[in-house]
Amino acid sequence: MIKLDTKIPSGPLEKKWDRRQFRLRLVNPANKRRYNVVVVGSGLAGASAAASLAELGYNVKCFCYQDSPRRAHSIAAQGGINAAKNYQNDGDSVFRLFYDTIKGGDYRSREANVYRLAQISRSIIDQCVAQGVPFAREYGGGLSNRSFGGAQVSRTFYARGQTGQQLLLGAYQALSRQIGAGRVQMNSRTEMLDLVVVDGHARGIVTRDMVTGKIESHAADAVVLCTGGYGNVFYLSTNAKGCNATAIWRAYKRGAALANPCLTQIHPTCIPVSGKHQSKLTLMSESLRNDGRIWVPLKKGDTRSPANIPGAERDYYLERRYPSFGNLVPRDVASRAAKAVCDDGRGVGSTGLGVYLDFADAIGRLGEETIRERYGNLFHMYARITDEDPYKSPMRIYPAVHYVMGGLWVDYNLMSTIPGLFVAGEANFSDHGANRLGASALMQGLADGYFIIPYTIGDYLARSGSDRIETDHDEFKRVGQEVNERTRKFLAIRGTRTVDSFHRELGDLMWNCCGMSRNAKGLQHALEKIPSLRQEYWENVRVLGTHEELNHSLERAGRVADFLELAELMCRDALERNESAGCHFREEHQTPDGEALRNDEAFSHVAAWEYKGDSVIPVLHKESLAFDFVTPTQRSYR
Amino acid sequence: MNLTLQVWRQKNAEYPGAFVTYPARNVSPDMSFLEMLDVVNEDLIREGEGPIAFDYDCREGICGTCGVVINGRPHGPSPATTTCQLHMRLFNDGDTITIEPWRARAFPVIKDLVVDRQAFDRIIQSGGYISISAGSAPEANAIPIPKETAELAMDAASCIGCGACVAACPNASAMLFTAAKISHLGLLPQGQSERYGRALKMVATMDQELFGACTNTGECEAACPKEISIEWIARMNKDYLKASITSRSET
């Protein structure tokens, strides 16, 4: 039976992390090289963790499914990274960033974790600048900031529209330095297919070499999962095609609790779906909302071109509903508002699933040149995908799945319920509550990897000692055997439907029943439907080729099999959370104005699920959330 | 529209490859090039034939994973565009399209259109970084950097490491890739301490990895989806020359 021990330090908020750091045990520098640490994933969290651990002297093995660690999907983050530097002298502070993040998360995150994140945010910028990240600058040479969705101060650091790329390259270069020095063994095109737990402790992983098909075991004293989010359960999302839940799902099935799986962020500004062939969705940075105005026609079914709709017949619905935040309301609020106007029959574009994001006023006020300087690459990307010129006519946007706040449950030290298994970045559930603020994912990934895991893992290793386990241990053999059998099973089914066709069907079901808004009836429908889809999958999927070669269908088959299980848990969690909070909008629970209505009495907790067997309903554990330093209120952006 | 594809199929580096012809039916102009290949692959699987292996990940033009040679041009006919961002509206009904992998000695074929680009990683590992361990950084605004310098560094840093420059170069040279990183770091004050040693080490690795030399054909710049300028190569050569003359110990 899992016990959720948060290990949150006592004392005042601003002293908790200091105290914890002091209490954490240290590993003697000379002994560090005796410890093996496996890091799975090479995005912001994984690359920064692997690099930092190697800098400290640990023996690190890092794994990624991509052909190079530089390709992890952190690279696609556009907008920026938050930090409480207060360079703009506009009243920002660690406490304000903390407060904004807690409030933005609709009071479903831990105060202590979020405060630490805000504290560390400042060191991240220092570290990245020193690595050579070319952040935007002012003429005087100082760092430039902009304001970003949901914040009334300018605390977002950025590198054009490619902030994630530049931060990831910084971490990748730090990692490359350690690989070059022989302190990290990098394994690209290698996918983790299971976790090995010995005597209740995480002791390694089993992987598949995606080029040769070889199944291999890797023993370790600690395992760090930095494998990102599971938004691809919806098939269409802004995630990279390869993003998957397999690592965290395998860990869940080996005993790690999975927290708040239903909490999924739907990003308001993405390019709408253009047809059935659509393979992924493209996000347009929400920084566009700083200058763009969002509107739809006032009248239903108004098919005039946007230029022919006079101002008086337009509904700038965000500015109307939220006069103080206007177009800059948080993501969940903006997404739901777009859905509401489209459900009302006022959506634009051929599918009616779109709203305008209009730059005409900004171009008039600032000139096309300024807009080009700020958003040139985004406008270019939009034009290429849609064949429309956003300088001349408004963009069309629609919400899309973008990020998951849910993930493996971790304590304050970022350790899961399996001792020795640490989880960082989007793969854990820790900091964003029910809704993540813009420019906070990069901050969290790097905080976890550069500045938290390197401290907390030492404490675990110092306490647990090093009793060597080699890969010839029975448990490695057993898990390796299971992985082998499962992989071969996909090839043996020889059914009639492709992996993708199942994935699309699952995605549709999840988008309709567990997407931007949910209700008990829809969720129950999905809970009935998913097991039968899963059964059909295992009987009728067609995977060609062999196991001993590069085989993309086989890789996808394993990932989709796990999505088919995870989807059920997401729906179960969404049904169980019988309130609205942040991105989780239960239609049964809304204010008269259609805003999310929380139920703090009953649901001020983290829902952590424990696996009990494939045909057994998982057990729900609740970590209650205490708010000692802020008072939960109804969020208002009016 | 309907198209004819001539696709390079190759089991792995040990086996010879060959072009195989496939029809691509009912292609929508709004599809990306990779979505067109997805549709062809779904048909192939239904017909019991192994799908075409090609690399991709983000499908928004930033991760650098995708890339094939389309009608002889890396990433296809559209300038400043990755394969995943190339849309089928640029082709016409009835077209025949030839699709090949990157071809370079340093990028062995893994399967079909997938190549091994780890040589790029090894170039970075040999010096494409600033040696600063976590925790030891000074306050971020302590060193002002002129806006123009930061912008130039960003231009060079925009490289996505896709390898189109190598595929386009008649010598399969990695000069543009290497020069972009040397320039990005060498422009910034933070990168000065290791500037010359970095140039020597990265160029040495580039040569060891069997990339060819630069003969100024400019094909790399033309093929680059991020419009990385060939001027960086001149800058790298300058740094390399200076380093060769002045350096005492670093090679």
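Preceding this section is the structure that the text describes.
Being a predicted model, the structure only gives us computed values, none of them experimental.

What counts, and at which threshold
- Residues numbered from 1 in each chain as written.
- Chains lettered and ligands numbered in written order.
- Predicted model: local features only at pLDDT ≥ 70, side-chain atom pairs only at ≥ 80, totals over all residues.
- Helix = DSSP H or I, 4+ residues; strand = E, 2+ residues; numbered from the N terminus.
- Rg over C-alpha atoms; globule rule 2.2 N^0.38 Å.
- Buried ≥ 20, exposed ≤ 12 C-beta atoms within 10 Å, placed from the backbone.
- Contact = placed C-beta atoms within 7 Å.
- Core = buried A, V, L, I, M, F, W, Y, C linked by C-beta atoms within 7 Å.
- Pairing = 2+ DSSP bridges.
- Axes fitted to C-alpha atoms, helices over the stretch in contact; angles between N-to-C directions.
- Parallel < 35°, antiparallel > 145°, perpendicular 65-115°, else oblique.
- Nonpolar A, V, L, I, M, F, W, Y, C, P; charged D, E, K, R; others polar.
- Right-handed = clockwise from strand over helix to strand, strands pointing away.
- Expected span 1.5 Å × (residues − 1).
- Bend = angle between axes of the 7 residues up to and from the residue.
- Left-handed = near helix turned anticlockwise from the far one by under 90°.

Engineer: Before we move on, could you go through the overall build of chain A and cite the residues and values that matter?
Structural biologist: For chain A, the helix and strand inventory stands at 17 helices and 19 strands. Taken over the C-alpha trace, chain A has a radius of gyration of 24 Å; the compact-globule value for 638 residues is 26 Å, and the two agree within 12%. Its C-alpha atoms give chain A principal-axis dimensions of about 75 × 60 × 50 Å. Counting over 638 residues, chain A shows a buried share of 59%. Put simply, of all contacts in chain A between residues at least 6 apart along the chain, 74% involve residues at least 24 apart.

Engineer: Mind laying out the overall build of chain B, listing which residues take part and the relevant values?
Structural biologist: A count of helices and strands for chain B gives eight helices and seven strands. Across its three principal directions, the C-alpha atoms of chain B cover 60 × 40 × 35 Å. Counting only residues that meet the buried cut, chain B has 54% of its 251 residues in that class. Residue pairs in contact within chain B that sit at least 24 positions apart in sequence constitute 72% of those at least 6 positions apart.

Engineer: Please set out the nonpolar core residue by residue, giving values where relevant.
Structural biologist: In this structure, A:Val224, A:Leu225 and A:Leu408 are the most contacted members of the largest nonpolar core, which totals 293 residues. Discounting residues that sit within four places of it in the chain, A:Val224 has contacts with A:Val37, A:Val38, A:Val39, A:Val40, A:Ala49, A:Phe422, A:Ala424 and A:Ile453.

Engineer: Which residues make up the interface of chain A and chain B, and what values do they have?
Structural biologist: Contacts between chain A and chain B engage 65 residues on the former and 65 residues on the latter. Elements represented by at least two residues in the side of chain A that touches chain B include exactly α3 (44-56), α5 (111-131), α6 (163-180), α11 (368-386), α12 (441-464) and α16 (552-576) of chain A. For the side of chain A that touches chain B, the leading source of residues is α6(A), giving nine residues.

Engineer: Describe the pairing of strand β12 (residues 293-297) of chain A, and please don't skip the residues or the numbers.
Structural biologist: All names here are of chain A. For β12, a buried count of four out of five residues is recorded, marking the element as mostly surrounded by other parts of the structure. Taken together, the three bridges between β12 and strand β14 (residues 355-358) define a ladder with antiparallel strand orientation. By the bridge assignment for β14, Arg 293 is matched with Asp 358. One ladder, built from two bridges, connects β12 with strand β13 (residues 314-315); its direction is antiparallel. In the sheet register, Pro 297 faces β13, and the bridge partner there is Arg 314.

Engineer: Quick one: what's the story with the packing of helix α6 (residues 195-208) of chain B against helix α8 (residues 231-246) of chain B, residue by residue and with numbers?
Structural biologist: Residues and elements named next belong to chain B. Two numbers describe how α6 lies on α8: the axes approach to 8 Å, and their chain directions differ by 105°. Judged by the angle between their axes, α6 and α8 are roughly perpendicular. Contacts from Arg 195, Tyr 196, Ala 199, Leu 200 and Val 203 of α6 reach α8 at Met 236, Asp 239, Tyr 240, Lys 242, Ala 243, Ser 244 and Thr 246. When grouped by side-chain class, the residues that make up the contact of α6 with α8 number seven nonpolar, two polar and three charged.

Engineer: Outline the pairing of strand β2 (residues 59-63) of chain A, listing residues and values.
Structural biologist: The two faces of the sheet receive side chains in turn, since in a regular strand these alternate between them. All names here are of chain A. Within β2, four of the five residues are buried, leaving the element largely enclosed by the surrounding structure. Both strand β1 (residues 36-40) and β2 contribute to a ladder of five bridges, which runs parallel. When the bridges of β2 are listed, Val 39 appears paired with Cys 62. Between the parallel elements β1 and β2, the chain passes through α3 in a crossover that is right-handed. As paired elements, β2 and strand β5 (residues 184-187) share four bridges and run parallel to each other. Counted as the bridge partner of Lys 61 is Gln 185 from β5.

Engineer: Tell me what's going on with unusual backbone geometry, and back it up with residues and numbers.
Structural biologist: Of note, A:Asp199 is a non-glycine position whose phi angle comes to about 50°, a positive value. Mapped onto the elements, A:Asp199 comes out in the loop between β6 (190-198) and β7 (201-209). Even without a glycine there, the phi angle at B:Ala172 is positive, about 50°. Considering the arrangement of structural elements, one finds B:Ala172 in the loop between α4 (164-168) and α5 (175-187). Look at B:Ala172 and you get buried, because 20 C-beta atoms sit within 10 Å.

Engineer: Account for the sheet that holds β14(A), naming residues and giving values.
Structural biologist: Note on sheets: strands pair through backbone hydrogen bonds, and any given pair is parallel or antiparallel. All names here are of chain A. Reading across from one edge, β11-β15-β14-β12-β13 is the order of the five strands in this open sheet, with antiparallel pairing throughout. Either end of the sheet is taken by a strand with one partner, and the two such strands are β11 (264-270) and β13. Judged from the five bridges that link them, β11 and strand β15 (residues 395-404) form a sheet pairing that is antiparallel. In the strand pairing of β15, His 267 is matched with Ala 400.

Engineer: Give me the lowdown on the environment of A:Asn435, citing residues and values where you can.
Structural biologist: Residue and element names in this part refer to chain A. With respect to the element layout, Asn 435 can be found in the loop between β17 (421-423) and α12. A tally of 30 C-beta atoms within 10 Å means that Asn 435 is categorised as buried. When the C-alpha positions of Asn 435 and Ile 266 are compared, they lie 9.3 Å apart, and in sequence the two are 169 residues distant. Not counting residues up to four positions away in its chain, the partners in contact with Asn 435 are Gly 104, Gly 105, Asp 106, Gln 265, Pro 330, Arg 331, Asp 332, Met 405, Gly 582 and Cys 583.

Engineer: Any details on the sheet that holds strand β1 (residues 3-9) of chain B? Residues and values, ideally.
Structural biologist: Spatially, five strands are ordered β2-β1-β5-β3-β4 (chain B) in an open sheet, and the strand pairing comes out mixed. The strands lining the two open edges of the sheet, one partner per strand, are β2 (18-24) and β4 (73-74) of chain B.

Engineer: I'd like a rundown of α11(A), residues and numbers included.
Structural biologist: Residues and elements named next belong to chain A. Taking 1.5 Å per residue, 19 residues should reach 27 Å; α11 reaches only 20 Å between its end C-alpha atoms and comes up short. Residue Tyr 375 marks the point of greatest curvature in α11, where the axis turns by about 85°. For α11, the full list of buried residues reads Ile 371, Arg 374, Tyr 375, Leu 378, Phe 379, Met 381 and Tyr 382. Contact partners of the buried residues in α11: α10 (360-366) and β15. Of the residues one or two after α11, Asp 387 is the one with positive phi, at around 65°.

Engineer: Tell me about the packing of helix α4 (residues 94-104) of chain A against α5(A), and name the residues and values.
Structural biologist: All names here are of chain A. In the contact formed by α4 and α5, the axes pass within 8 Å of each other and the chain directions differ by 135°. Between α4 and α5, the angle is such that the two are oblique. Crossing geometry of α4 relative to α5 is assigned as right-handed. Taking contact as the criterion, the partners of Val 94, Leu 97, Phe 98, Thr 101 and Ile 102 in α4 are, on α5, Glu 111, Val 114, Tyr 115, Leu 117, Ala 118, Gln 119 and Ser 121. Split by residue class, the contact of α4 with α5 holds eight nonpolar, three polar and one charged.

Engineer: Quick rundown of the environment of A:Arg293? Include the residues and the values.
Structural biologist: With respect to the helices and strands, the residue A:Arg293 is situated in strand β12. Sequence-distant contacts of A:Arg293, that is, excluding residues within four places in its chain, are made with A:Tyr316, A:Asn327, A:Asp358 and A:Asp361.

Engineer: Break down helix α7 (residues 246-253) of chain A for me, citing the residues and quoting the values.
Structural biologist: For the α-helix, the turn length of 3.6 residues means that residues three or four positions removed from each other point alike. All names here are of chain A. Counting buried positions along α7 yields seven of eight residues, so the element is predominantly enclosed. Those residues of α7 that fall on the buried side of the exposure criterion are Thr 246, Ala 247, Ile 248, Trp 249, Arg 250, Ala 251 and Tyr 252. Immediately downstream of α7, the backbone of Gly 255 shows phi near 120°, a positive value.

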